[in-house]
Structure formats: structure tokens, C-alpha cells
Amino acid sequence: MARWCYRHRLVVLLLWVGALFGLGFAATTAGTDYANVFSLPNTDSKRAYDQMEKAFPNSAGDTDTVVWKVDAGTVRDASVRSRIQPVLDEIAGMKGVGQVAGPYQGERGAAQVSRDGRIAYAQITFAEQANAVPKELVQKVVDTAQGAERGGLQVELGGQAIQRVQEPPTGLAEMVGILAAAVVLFLAFGSFFAMLLPIGIAIFGVGTGLFSTQLLSHSTAIPDLAPLLATLIGLGVGIDYALFIVTRHRRGILRGLAPEESAVVALNTSGRAVLFAGGTVCIALAGMLVTNLRFLDGVVIGTSLTVVFSVLAATTLLPALLGVLGTRVLSRRQRRKLEARGPEPERASGTAARWSMTVQRRPRIIATLAIVVMAVLAIPVLSLHLGATDQGNNDATTTTRKAYDLLAEGFGPGFNGPLQVVATSGDTGALVKDIGGTPGVAAVAALPPAHGVTVIQVIPASSPQSTKTDQLIDTLRDRVIPDAGVTAHVGGVTAVSKDFATITGDRLPLFVATIIGLGFLLLLIAFRSLVVPLTAALMNLIAAAASFGVLVAIFQWGWGLGLLGLGKEGPINAFLPVIMLSLLFGLSMDYQVFLVSRMHEEWVHTKDNARAVRVGLAETGRVINSAALIMVCVFLAFVLSGDSGAAMAGVGLAAAVALDAFILRTALVPAAMHLLGNSNWWLPAGLDKRLPHLAVEPAETPSEDAAPAGGGASVVHGFVRDAEGAPVDGAVLALLSTGGRQLDRVTSLADGSYIVSVPAPGTYLLSATARSYGARAGHVVVTDEPLVHDVELAEGEVDADAVN
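Residues numbered from 1 in each chain as written. Predicted model: local features only at pLDDT ≥ 70, side-chain atom pairs only at ≥ 80, totals over all residues. Heavy atoms only, no water.

Novice: Is there a simple way to explain the overall build of the protein chain in this structure?
Specialist: Looking only at helices and strands, the protein chain features 26 helices and 18 strands. Principal-axis analysis of the C-alpha atoms places the extent of the protein chain at approximately 110 × 50 × 45 Å. The burial tally for the protein chain puts 53% of its 804 residues in the buried class. Taking the intrachain contacts of the protein chain between residues at least 6 apart in sequence as the baseline, contacts between residues at least 24 apart amount to 76%. Side chains of the protein chain carry 59 positive and 65 negative charges; the gap between the two charge centres is 3 Å. (Helix = DSSP H or I, 4+ residues; strand = E, 2+ residues; numbered from the N terminus. Buried < 20%, exposed > 50% of the residue type's maximum accessible area, 1.4 Å probe, protein only. Contact = heavy atoms within 4.5 Å. Lys, Arg positive; Asp, Glu negative; His and termini not counted. Charge placed at Lys NZ, Arg CZ, Asp CG, Glu CD.)

Below, the structure is given as C-alpha cells:
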């Protein structure tokens, strides 16, 4: 497939461009039909909502609030009323506004003025829900209301529709994330064209995924949160997957392969790993379905579809683009060096090799330090409080936050989250009296009954996000309502948030067990080991605990919120653990596959665990860290989205990816594997026979003339040292056939270690050269087993065999 895409690159490119613009045109023409169907079956708040919907079917429009405060006098003063009432009348006359209920309208309006008379509010009911209200209308309402301000009179607005117009421009977070990723890619590749490849693949993957999701919103319930999360995950995986493949392709060209052969090898190795990794991400996302929270179904559809398109773009569009660029995926310096000196063997960077050796020498110390760091970061998770953020968590400069604070100041902290007790039978008068005498209730009032349903508005004495409010809801449900002998249910936004947090907490263990179990099975089949998947599962749990600890410290405790410009501390959104754990488990599986597959390849060749772990870390550490840095940039950019949920998810995922890549995969995993030794690769013989064979990343296919006929492949490995026993870094070792044809060529690592591939048993010549040293060569006899062969280089000495 890779070869076909490479040779028919213009056809593939046209197909992808046509798909992107075709889906874009169809989606733009059809518009959006996102439905925030938030249903919690078999909960008390859902029963309350159902009864209210029957009794008040026409109260469907979004209700927003205009709040004003005077520094002196009262809001009833003629000078204040003469400025506010005409504004309210003008807003009521706007097309799209259903009604405006102000404080200057009879006895009911009097309740909309605070006790000290300095704060009042009016309710604006739009004809449609917040997402459907035109932004132009909302902005006109804001401008008209704030036009009444003067010295000593403050006017602010709150509500969902108002929230939409103060959000940053759509696409700002995405653009910042892409620009940050471009900088990292350019520093990693040193080539402008190579930098564009991963970004282009991510744009095609996310674009087609989002347009498809938008079209699907007309046939299934997809919440408006889905495209935001799909963009978040799509940009991250799209850039990372292309980065893995392009890195392997560049390595192939530098080793002397033709661009087409290099692209085919890259797709047949890293491309397979990308397919596997993309599948694991989709499986982790599908794990959300076991929670039985139906509004998450649309999130699964949108995010999974975007991941699928990103994988398709990486495995079909990318080889076509590689064919268009040819050798221009290399920097100019690399191309000039390749022309002047010819192919060079790939070698791990000095820093990566040195760190890999350090981990091998001191695995206990490094593992202990890594565990201590992760444990300290996980401590805040012990005080995790799930709930829902509201406009009280917005930045202090926004009008929605100011309106929220004014209402809390004038009418009590519980005014922004009233409870609705919906009674269908019994003595509601007695229930109102009992509720009024319940500790924690600031005010209670019964609305006129309709269709046999009475709605009792309860204002708690505590804020909507307080645990005291949660306790009040439990008290009403468990004691007050049953004691009154009334059939009633407690609803309202605050009650719904509490029920959602309870359900999420109850179902979270099943969800975690499901995605860990699926991940374990996939890694078990891929690496034919029990210890590797067990280690990965444990690392995923550690990463999750530490990342949620960071979230709690920032968003719940408020550490650093001011620096990030993210408003006020509050609870962690109840839906976040499910979504974030799905993404985290899927993304961390990518790094685990990429790291361990290289170790597994080395283990299969040498059966030397220490070498396998050392070489695997040295050769993949830099790519994993670069990929993680790109994801961190993309995720952190969503702090600019203006959506508190997206900002929280972005910070949480950025912390999770950073901790996973820079501490777990780079330090704790290899250190643990050094300590576990050969048991890393243990699998019972009976299970080994029953498991299917899956090659996640097969060995690169050698050229047809690379091996003599007959026999199986093996390796020669060992260390290159000088006369005093010190390792020789950068020595070039070549394996030649008896006819003088070079079969493999490698460079020794910082510890002097090397490994060359032998195509079949037989006698070969192994030569070694290094700067400041002479050359040495000797015959080696290789059987079916790996051969350990150390080489000693003497300064200035040239071996006759090497000359010959």
C-alpha cells in the first residue's frame, strides 16, 4: 500500500484534498445540529426534570441575567430606574428575545432587589437555547445593557448565551498549538518541508474527522463538547504519528536507501506501530461506553472518528507527500553531507546513549526517585472533589464572573445554584415549611402549581460547588421529603451535577478495569510477555494518579490559576475523569509500544535484557520526548479556548503526557525492566502456543542481495574498548562477506557496545575503525546463536587484515 501511494502520489493527494473540501462543503451547507442530551436515567434529578417538562413545556428558551449595583442610594432611586428601565424595554423589543422580567414590575419584581437595595437583577428569556441564539443578538443585548453604566452604577450580565460572546475567537487555541508544534518540529528536523509534513497530516486528519462528525450530528446525538475534544486529541496523535514515520523515513535515506524504499520500510515498520497505536487509542475511547452515560456516546464517535482519519492520513497521504518531497525531507546540511560522504549508519544521540547507560548503572536510585516524584504529585488526588464548574470559576475580568459575584453578594452564595423540589402529590405547604426549617436553607418559595405539579425553589446558604450544598441535597431527599409524606424529587443544575458526580464515581472502577484489561491483552499479544503489560498497566495508573493530583492542585486548590489566567478554583468537572483517562491510556500506550517494540526487537536478536533495554531507550528516547513535547504544546494551547472544561482537559492531558514521557517511559519503565531482568520477557509455554502472533513493528526487510543463501539470521554483538579497557564511542564496525561485500555497518554507542546483523551462519570478516585509533579486522564464525565478540583498538595501530 505504501509503495502504491508513493508511486501514485498525485492521485492520493487529489483524493484527500477532494475528501477534505467535499466534506467541508457538505458540513458547511448542512450546518451543525449538536445536541447536549444530558440524561441520567434512574436519578432523582432526572425524575424532577421530567415532571417539570410536563408541567412547563414552553420554558425552553435560555434565560440570562442582567445585574446592576449602585455605590450610593438604592436601585429604586428614580435616577437609577430612569437609566435601567428604558434599556430593559429596548432589550424586550429585540427580535429573538421572548420576555424580560425586571425588578420594577409589581410584587414579584420586588424579590429581585437585594435586602440593602443596592443590587438588583432582571431575567432575559431568549426564544431559543443558548447555542442557537445568534451571537449578534447576544452582543447587542450586552452592549445595550452596559450602555446604561455611569459613575456609581455597575451593570454586568451572566448566563450561557452571554458566556458564548466573551469566548476567544474560534480556532485560536488550535492555531497556537499548531505554531508551537511547528517550532518543536523545526528544531527536531532542521527542515522546513519535514516540519510541514506532520502538521499537514494532522490538519487533514482533524479536518475530515470534524466535518464528518458535524454531518453525523444530524443523525445522532453528539454534544458540542465532542468537536473540541476531537480537535484536542486529533492534533496530538496526528502530529505524533506522522513524526514517528517521518523520523524512520529520514533515517532510511541517511542510511543510503532510495526515497521510495525508505518510505516503504518506514510505513512497514513505524506505520504498523501507528496502526496498532491508533487502534489502542480508539479502544481506550470506546471504554467510555461501559459507563452507560449516553451523552458520552457522541464524544466517543467524534474523537474516535478523528483518530481513524488521522491514522488513515498517516498511512496513505504521508507516503504520497514523501514521494512529492523526495530527499527534501532532509535538511540542506544533511543532503550536502550525504552527497559528499555517502550513507552513514544511524546512531543514538550522545545524550540519549549516556542517559540510557546511567539508567542501566543505577536502576534502583532512578526508579526510587521517579516513584517519589510521582507519589508526591499524586498526593492532592486524595482530596479530589467531582462536581461542575460554573461562571463563578471564570476569570475575574469577565462580565459573567462579575455578574455571578454580584448576585452572590446581594442574594447569598446559594442564589447562583437554586434547588428545585418538584412535588406531584401530598401537602406541599407542609413541605415548604419543613424545608424552610432545614439547616443550610437560606430561602424557600413555592411557585403557582401547574398540571398538578408544584415547583419549590430552594436557595441554599452555601455556594453551588460547596460540599455543604451536596449534604443539603442528601438531607432533603433522605429525611425532609419522606418525613413530610410528599412525593417529590430534588432537581436543578446543582442536583444534576451532584448526581452525575456520584454516578461517575460509582462507575469509574469498572471503566478503569475495562481499559486496563483491554490494554493488557493487546500488549500481551504484541510482546508475548506477562510482565511488560503488567508494568504498562501499573505505569498508566501511576500516571493517572499524578496527573489528577496536578489537576486538583491547580483547579481545585487554585495553585497557579492566576498565572494561567483561568479564573477561580472549584471542583473538577465530573465528566473529566472518564474522558481524560480514555485519552491518557490511549496516548500512553503509543509511547509504550514505540519504546518496548524496539527493546523487544533487540531482545529477540540477542536474548540480552540489559542490552535490549539500553539500546531501546537510547534509540527511541529522543523521538518519544519530542513527540511528548509536541503534545504538551498542543494540549496547553487549549487553555486559550475560553472553555473551562477544555482548559481543564488541556492542562490535565499536558501534565499526564509530560509525566508519562519524561519520567515514566524515560526513567521508571527502563529502570524497572533492568531490575526485573529476563523475567520481563517470560510467558508460559502453554499460553505462548495459544496466543496469535502479531508483528507490531517487524524488522526492516533487507535488500535481496544482503544475505547469502541458506541458514537463519543471527547477530554479532559485544564492546569496543581501547588497550586500557575504556569504551570507544563512535567506532565504525562493518561486517563483510568472504567476497568483500558489506552486509551491515553500525556505530558503537557511548558505552562501546555494538550489534551487527548476520544474514546466515558462516564465516565473515568484522572490521572496526575509530578516530585517534587504528583499524582492526578479524574473521568471525557465526552459528545459529548470537555471537559475543569484543574488539580492542590500539592507538595508531593498523591491522593488516583491515588493510586487506
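Novice: What's the story with the packing of helix α10 (residues 225-254) against helix α12 (residues 295-325) in this structure? I'm lost.
Specialist: Closest axis-to-axis distance for the α10/α12 pair is 9 Å, and the angle between their directions is 25°. With respect to α12, the element α10 is oriented roughly parallel. Along this stretch, α10 crosses α12, giving a crossing that reads as right-handed. Across the interface between the two elements, A226, L229, A230, I233, G234, V237, G238, Y241, A242, I245, V246 and H249 from α10 touch G298, V299, G302, T303, T306, V307, S310, V311, A314, L318 and L322 from α12. When the residues that make up the contact of α10 with α12 are grouped by side-chain class, the tally is 15 nonpolar, eight polar and no charged. (Axes fitted to C-alpha atoms, helices over the stretch in contact; angles between N-to-C directions. Parallel < 35°, antiparallel > 145°, perpendicular 65-115°, else oblique. Left-handed = near helix turned anticlockwise from the far one by under 90°. Nonpolar A, V, L, I, M, F, W, Y, C, P; charged D, E, K, R; others polar.)

Novice: In this structure, what is going on with the nonpolar core? I would like to understand it.
Specialist: Grouped burial of nonpolar side chains is what soluble globular proteins tend to show. Among the nonpolar cores identified, the biggest contains 154 residues, and M288, F555, I579, Y591 and F635 are the most heavily contacted of them. It is helix α24 (residues 644-676) that contributes the most residues to this core, 19 residues altogether. With residues up to four places along the chain from it excluded, the contact list for F635 reads L232, L587, G650, L653, A654 and V657. Listed in part, the 30 residues of the second largest apolar core include W68, V80, Y104 and F126. (Core = buried A, V, L, I, M, F, W, Y, C linked by side-chain atoms within 4.5 Å.)

Novice: What exactly am I supposed to notice about empty space enclosed by the protein here?
Specialist: To find the voids left in a structure, one rolls a probe of water-molecule size over its atoms. Tallied over the full model, the rule gives three cavities of 30 Å³ or more. When contributions to the lining of the largest cavity are tallied by element, the ones reaching two or more residues are α11 (259-286), α19 (493-527), α20 (531-556) and α22 (576-606). (1 Å grid on protein atoms, 1.4 Å probe; cavity = no way out; pocket = protein on both sides within 12 Å on 5 of 7 lines; lining within 4 Å. Points joined across faces, edges and corners; volume = space filled by probe spheres on them.)

Novice: Please clarify how the environment of A661 should be interpreted in this entry.
Specialist: Take A661: it is sitting in helix α24. Take A661: its relative accessible area is 0%, and that puts it in the buried class. C-alpha of A661 to C-alpha of N625: the two residues are 36 residues apart in sequence and 6.2 Å apart in space. Among residues more than four places away in sequence, those in contact with A661 are Y591, I624, N625, A628 and T666.

Novice: Please clarify how the sheet that holds strand β16 (residues 776-782) should be interpreted in this entry.
Specialist: Across a sheet, strands are paired by hydrogen bonds formed along the backbone, either parallel or antiparallel in direction. Spatially, four strands are ordered β13-β12-β15-β16 in an open sheet, and the strand pairing comes out antiparallel. Among the strands making up the open sheet, the edge pair consists of β13 (742-747) and β16. Averaged over all pairs of adjacent strands, the angle between their axes in this sheet comes to 20°, without regard to strand direction. The pairing of strand β12 (residues 732-736) with β13 spans five bridges and is classified as antiparallel. (Pairing = 2+ DSSP bridges.)

Novice: Help me understand the sheet that holds strand β9 (residues 487-491), please; the structure alone is not making it clear to me.
Specialist: Strand order across the open sheet formed by four strands is β7-β8-β6-β9, with antiparallel pairing between neighbours. Each edge of the open sheet is held by one strand with a lone partner, namely β7 (441-446) and β9. Shown here is a sheet whose adjacent strand axes are inclined to one another by a mean of 20°, direction ignored. Alignment of strand β6 (residues 419-425) against strand β8 (residues 454-460), held across five bridges, turns out to be antiparallel. Bridge assignment links A423 to a residue of β8, and that residue is T454. Against the sheet, helix α17 (residues 428-436) touches β6, β7, β8 and β9, its axis set at about 5° to β8. This element, helix α18 (residues 467-484), spans β6, β7, β8 and β9 of the sheet and lies at about 175° to β9.

Novice: Would you explain the pattern of salt bridges in this entry?
Specialist: Pairs can form between side chains of opposite charge whenever their charged atoms are close. Counted according to the given criterion, the structure contains 13 salt bridges. The salt bridge partner of R614 is D751, with a shortest N-O separation of 2.8 Å. Within this pair, whereas R614 is found in helix α23 (residues 609-636), its partner D751 is found in the loop between β13 and β14 (753-758), the two being separated by 137 residues in sequence. Overall, D751 belongs to the buried group, its relative accessible area being 10%. By sharing partners, the salt bridges in this structure join R3, R7, E260 and E261 into a single network. (Salt bridge = Lys/Arg side-chain N within 4 Å of Asp/Glu carboxyl O.)

Novice: Explain the confidence of the model for the protein chain here, please?
Specialist: Keep in mind that low pLDDT regions are not for reading the predicted coordinates in detail. Here the protein chain shows a mean pLDDT of 85. Residues at 70 or above account for 92%. Across the protein chain, element-level confidence peaks in helix α15 (residues 363-378) with a mean pLDDT of 95 and bottoms out in helix α26 (residues 800-803) with 43. In the model, residues 700-711 has pLDDT below 50 throughout and makes 19 contacts with residues more than four positions away in sequence or in other chains. Note on residues 797-804: pLDDT is under 50 here. Beyond four places in sequence and across chains, it has 13 contacts. (pLDDT = per-residue confidence, 0-100.)

Novice: Whenever I open this one, the side chain of T399 confuses me. Can you help?
Specialist: Counting through the fold element by element, T399 comes out in helix α16 (residues 399-411). At 3.4 Å, the side chain of T399 and the side chain of Q146 are in polar contact. Within the structure, the side chain of T399 is placed 2.7 Å from the side chain of E156, a separation counted as a polar contact. Residue contacts for T399: discarding those within four places in its chain leaves Q146, E156, L157, I162 and Q166. (Polar contact = N/O pair within 3.5 Å; in protein donor to acceptor, adjacent residues only side chain to side chain.)

Novice: Quick question: what am I supposed to make of the pairing of β9 here?
Specialist: Two faces, one strand: in a regular strand the side chains alternate between the faces of the sheet. For β9, the tally of buried residues reaches four of five residues, placing the bulk of the element in the interior. Pairing geometry for β6 and β9, over five bridges, is antiparallel. Across the sheet, the residue bridging to S425 is T487, located in β9.

Novice: Can you walk me through the side chain of D660 in this structure?
Specialist: By the secondary structure assignment, D660 is in helix α24. Given a relative accessible area of 1%, D660 falls into the buried group. Apart from residues lying up to four places away in sequence, D660 is in contact with N540, A543, S588, Y591 and R665.

Novice: Before we go on, may I ask you to explain a nonpolar patch on the surface in this structure?
Specialist: Residues V183, F186, L187, F192, F193 and L196 make up a contiguous nonpolar surface patch of about 590 Å² in total accessible area. Within the residue set of the nonpolar patch, elements represented by two or more residues are α8 (172-189) and α9 (192-216). On the secondary structure map, F192 appears in helix α9. Of the residues examined, F192 reaches a relative accessible area of 47% and is grouped as partly exposed. (Patch = residues over 30% accessible without salt bridge, like charges linked within 9 Å, V, L, I, M, F, W, Y side chains within 5 Å. Areas by Shrake-Rupley, 256 points an atom, 1.4 Å probe, with all protein chains shown as cover.)

Novice: Any chance you could explain the packing of aromatic side chains here in plain terms?
Specialist: The description of an aromatic ring pair rests on the distance of the ring centres and on the angle between the ring planes. Evaluated as defined, the whole model comprises eight aromatic pairs. Aromatic side chains Y121 and F411 sit 5.3 Å apart centroid to centroid with 85° between the ring planes, which places their arrangement in the edge-to-face category. Within this pair, whereas Y121 is found in strand β3 (residues 119-126), its partner F411 is found in helix α16, the two being separated by 290 residues in sequence. The residues Y121 and F411 share a single accessibility class, namely buried. One aromatic cluster is present, built from ring pairs that chain together Y121, F411 and F415. (Phe/Tyr/Trp six-rings, centres within 6.5 Å; stacked < 30°, edge-to-face > 60°.)

Novice: Can you walk me through the packing of α11 against α12 in this structure?
Specialist: How two helices sit against one another is set out by the angle between their axes and by the gap between those axes. Direction vectors running N to C along α11 and α12 enclose 175°, while the axes themselves pass 9 Å from each other. As the angle between them shows, α11 and α12 are arranged roughly antiparallel. The residues of α12 that touch α11, namely those facing A263, L267, G271, V274, L275, G278, V281, C282, L285 and A286, are V300, T303, S304, V307, V308, V311, A314, T315, P319 and L322. Partitioned by chemical class, the residues of the contact of α11 with α12 number 15 nonpolar, five polar and no charged.

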